[in-house]
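Chain and residue survey
Now for the letters of each chain:
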Amino acid sequence: MIHVEDDGEVRVVTLDRPKRRNALTPELLDALETAVVDAPTPVVYLRGEGEAFCAGADLSVVAKVAESGDVKRFVRRGQRVADSIETTDSVVVAGIDGAARGGGVELALACDIRLATPGATFGEPGVTFGLFGAWGGTVRLPEIVGLGNALDFSLSGRVIDADEARRIGLVSRVVDDPHDVAKGLTKNDKQALGVLKERVRDRGAKADQEDAEVAAFERLVAAHAEELATYGE
């Protein structure tokens, strides 16, 4: 489900579950965390195989989690992986080509640089079926795009294209080949890259907000248990 390739300067981490649009399972999340955190390179490039960057959490897994009552553990796992991406020493670049939805957007938000191809699209559809992105997205999204844009994007559940994502700051550039941009970063001093990332990222702990995310997500899963059960069939 994860493919890793190193060239000495950039580690390319590919979400490799194209038949499920790279939807995230607990096992995939764990493998992703290991691939990013253990990178021996100054830059990590994260991409998705096939037509989607990442469709978000696999809803069949969410249904099983709801049935088992282990919602908190599932949410904490996603938060942990997003936090690991954000805090790892390497600069992590997300190359979004195709669809990024829900948890896929949250993974991108945890990356240091987000680049879109012209065909990329973004959406937080959770609100349309009674949930929301609870892997740190409610903290990161307004920080990155501003409060007004964050509320519009998340509360509407609408899909936006690459140009609008660039306009609101969800991505920094729209380019044909994000991997080339990631490789270009390695022309800079490797130590300086890590130190600069650390200093720009230093904004204090998010523990209180993440606790609140867990509690809110648990309430929504309980309220929509019957609908979620249909995803596990």
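Predicted model only: the values in this text are computed from it and were never measured.

**As for the packing of helix α4 (residues 103-110) against helix α5 (residues 137-145)**
Running from N to C, α4 and α5 point in directions that differ by 60°, and their axes come no closer than 10 Å. With respect to α5, the axis of α4 lies oblique. α4 and α5 meet at a crossing whose hand is left-handed. Contacts between α4 and α5 involve Glu-106, Leu-109 and Ala-110 on the former and, on the latter, Gly-137, Arg-140, Leu-141 and Ile-144. Tallied by class, residues from the contact of α4 with α5 come to four nonpolar, one polar and two charged.

**A word on the nonpolar core**
With 52 residues, the main nonpolar core has Leu-32, Phe-53, Ile-85, Ile-96, Phe-122 and Leu-170 as its most contacted residues. No other element matches the six residues that helix α3 (residues 71-87) contributes to this core.

**Digging into a nonpolar patch on the surface**
Taken together, the side chains of Leu-147, Leu-151 and Leu-155 present a nonpolar region at the surface, about 320 Å² in accessible area. Summarising the element assignment, Leu-147 is placed in helix α6 (residues 147-156).

**Things to note about α4**
In terms of burial, α4 is a largely internal element, eight of the eight residues being buried. Along α4, the positions that sit buried rather than exposed are Gly-103, Gly-104, Val-105, Glu-106, Leu-107, Ala-108, Leu-109 and Ala-110.

**A few points about the pattern of salt bridges**
Counted under the stated rule, the structure contains 18 salt bridges. Asp-70 is the partner of Arg-73 in a salt bridge, and the nearest nitrogen-oxygen pair spans 3.9 Å. Classification of Arg-73 as exposed rests on a relative accessible area of 56%. The salt bridge partner of Asp-112 is Lys-197, with a shortest N-O separation of 2.9 Å. Of the two residues, Asp-112 is situated in the loop between α4 and β7 (113-116) and Lys-197 in helix α9 (residues 190-201); the sequence distance between them amounts to 85 residues. A relative accessible area of 10% means that Lys-197 is categorised as buried. Within this structure, Asp-83, Glu-86, Asp-112, Arg-140, Lys-197 and Arg-201 form a network of salt bridges that share partners.

**A closer look at the pairing of strand β3 (residues 43-48)**
With five of its six residues buried, β3 lies for the most part within the structure. Across six bridges, the pairing between strand β2 (residues 10-15) and β3 is parallel. Opposite Val-13, over in β3, you have Leu-46 as the bridge partner. Pairing of β3 with strand β5 (residues 91-96), which is carried by four bridges, proceeds in the parallel orientation. Each residue of the ladder has a partner; that of Val-44, found in β5, is Val-92.

**Concerning the sheet that holds strand β4 (residues 52-54)**
Ordered in space as β4-β6-β8-β9, the four strands form an open sheet in which the pairing is mixed. Edge positions in the open sheet fall to β4 and β9 (159-161), since each of these has one partner strand only. Ignoring which end each strand starts from, the neighbouring axes of this sheet average 20° apart. The pairing of strand β6 (residues 99-101) with strand β8 (residues 121-123) spans three bridges and is parallel. By the bridge assignment for β8, Arg-101 is matched with Gly-123. Here α4 sits on the sheet and contacts β4, β6 and β8; the angle it forms with β6, its principal contact strand, is near 95°.

**Overview of unusual backbone geometry**
The phi dihedral of Arg-21 is positive, around 55°, even though this residue is not glycine. In this structure, Arg-21 sits in the loop between β2 and α1 (26-37). Since its relative accessible area comes to 31%, Arg-21 is described here as partly exposed. For Asn-22, which is not glycine, the phi dihedral falls at a positive 60°. With relative accessibility at 0%, the residue Asn-22 sits in the buried group.

Rules behind the numbers
Residues numbered from 1 in each chain as written. Predicted model: local features only at pLDDT ≥ 70, side-chain atom pairs only at ≥ 80, totals over all residues. Heavy atoms only, no water. Axes fitted to C-alpha atoms, helices over the stretch in contact; angles between N-to-C directions. Helix = DSSP H or I, 4+ residues; strand = E, 2+ residues; numbered from the N terminus. Parallel < 35°, antiparallel > 145°, perpendicular 65-115°, else oblique. Left-handed = near helix turned anticlockwise from the far one by under 90°. Contact = heavy atoms within 4.5 Å. Nonpolar A, V, L, I, M, F, W, Y, C, P; charged D, E, K, R; others polar. Core = buried A, V, L, I, M, F, W, Y, C linked by side-chain atoms within 4.5 Å. Buried < 20%, exposed > 50% of the residue type's maximum accessible area, 1.4 Å probe, protein only. Patch = residues over 30% accessible without salt bridge, like charges linked within 9 Å, V, L, I, M, F, W, Y side chains within 5 Å. Areas by Shrake-Rupley, 256 points an atom, 1.4 Å probe, with all protein chains shown as cover. Salt bridge = Lys/Arg side-chain N within 4 Å of Asp/Glu carboxyl O. Pairing = 2+ DSSP bridges.

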